[in-house]
Amino acid sequence: MIVKALAASTLTAPAVRDLLALPAMAPVADEAFLDHGSSVLGWEFTMLVCDAERTRHGHVLSYDEDNPVGSRSATFNLVFAEAYPYDPEAEANVRGLTDDVRGWADELGGRFSTDPAPDTCETLLAEASATVSGVLGSEPVRTVRSDGRFSLGPFALCRIWRTDAHAVVLTPLQDHGPYGYLTHFVLVLTPCHADEELPADDTALRAWVLDRIDW
């Protein structure tokens, strides 16, 4: 799979720590949530992925509860890069989609490149993985290569860590809008009790990941 355009914002240790801290925070009242997100967490509204937040570190954060602060049942999706997987049969879309990715980089202050080398996306994810491992103090417990159910490409490694109450997943993931074709690179925090066993089979593990994190 050829990647035509890539926007990347470095996934830093402070950004990872902020994500991991969200379920353990003291809950806030629903009527105070928006102000808390802005004044305390440093979030601001964005529509780059969906109705989401731009964090103080310049990443896009979405979640599946109206008020997720302090919630141990919420799933959080932190998007730190965007790729355009090139389809030769959709040549007419090249300029528009490349411009979308360039706009993403411009708005988030990230790096932008056209026609990145084939291993660039793998390197980006490997660097992010090293950061996550450094924060968690452990290597991923499982890895599995993504496929067409995750996105149109690139089919890079999906990595999974475990904590006492959550799974931490680093993976490419398809875009359901507003672009409809691009691939997000995400770090996801999703509930997963320490006693829950991950599927041993790679096909079943891919299905487990998508069931937990795809929005």
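Residues numbered from 1 in each chain as written. Predicted model: local features only at pLDDT ≥ 70, side-chain atom pairs only at ≥ 80, totals over all residues. Heavy atoms only, no water.

(A) Inspection of the pairing of strand S1 (residues 3-8) at higher detail. For S1, a buried count of 5 out of 6 residues is recorded, marking the element as mostly surrounded by other parts of the structure. With 4 bridges connecting them, S1 and strand S6 (residues 111-114) associate as antiparallel partners. The partner of Ala7 across the bridge, within S6, is Phe112. (Buried < 20%, exposed > 50% of the residue type's maximum accessible area, 1.4 Å probe, protein only. Helix = DSSP H or I, 4+ residues; strand = E, 2+ residues; numbered from the N terminus. Pairing = 2+ DSSP bridges.)

(B) Highlighting helix H1 (residues 13-21). Turning to H1, its buried residues are Ala15, Val16 and Leu19. Taken down its axis, H1 places every buried residue within 100 degrees of arc, on the same side. Contacts made by the buried residues of H1 are with strand S4 (60-63), strand S5 (76-85), helix H4 (120-136) and strand S10 (183-191). (Arc of directions from axis to C-beta. Contact = heavy atoms within 4.5 Å.)

(C) Structural context of H4. Between its terminal C-alpha atoms H4 stretches 24 Å, which fits the 24 Å expected from 17 residues at 1.5 Å a residue. Buried within H4 are the following residues: Cys121, Leu124, Leu125, Ala128, Ser129, Thr131, Val132 and Ser133. (Expected span 1.5 Å × (residues − 1).)

(D) View of the packing of aromatic side chains. This structure, assessed with the given rule, holds 5 aromatic pairs. Judged by centre distance (5.8 Å) and plane angle (65 degrees), the ring pair of Tyr84 and Tyr181 falls under edge-to-face. Of the two residues, Tyr84 is situated in strand S5 and Tyr181 in the loop between strand S9 (166-174) and S10; the sequence distance between them amounts to 97 residues. Residues Tyr84 and Tyr181 agree in their burial class; the two are buried. (Phe/Tyr/Trp six-rings, centres within 6.5 Å; stacked < 30°, edge-to-face > 60°.)

(E) Expanded view of the nonpolar core. Grouped together as the largest cluster of nonpolar side chains are 34 residues, with contacts concentrated most on Val60, Tyr84, Trp104, Ile160 and Val209. Elements represented by at least two residues in this core include exactly S1, S5, helix H3 (94-108), strand S8 (157-162), S9, S10 and helix H5 (202-213). Ranked by the residues each element gives to this core, the list is headed by H3, at 6 residues. Beyond its immediate chain neighbours, meaning those up to four positions away, Val209 contacts Phe150, Cys158, Ile160, Val169 and Asp214. Val16, Leu22, Val28 and Leu61 belong to the second-largest nonpolar core, a separate cluster that totals 32 residues. (Core = buried A, V, L, I, M, F, W, Y, C linked by side-chain atoms within 4.5 Å.)

(F) Highlighting the side chain of Thr183. Within the fold, Thr183 resides in strand S10. A distance of 2.4 Å separates a polar side-chain atom of Thr183 from the backbone oxygen of Gly153. When residues no more than four places from it in sequence are discounted, the contact partners of Thr183 are Ala81, Glu82, Ala83, Pro85, Ser151, Leu152, Gly153, Pro154, Pro172 and Leu173. (Polar contact = N/O pair within 3.5 Å; in protein donor to acceptor, adjacent residues only side chain to side chain.)

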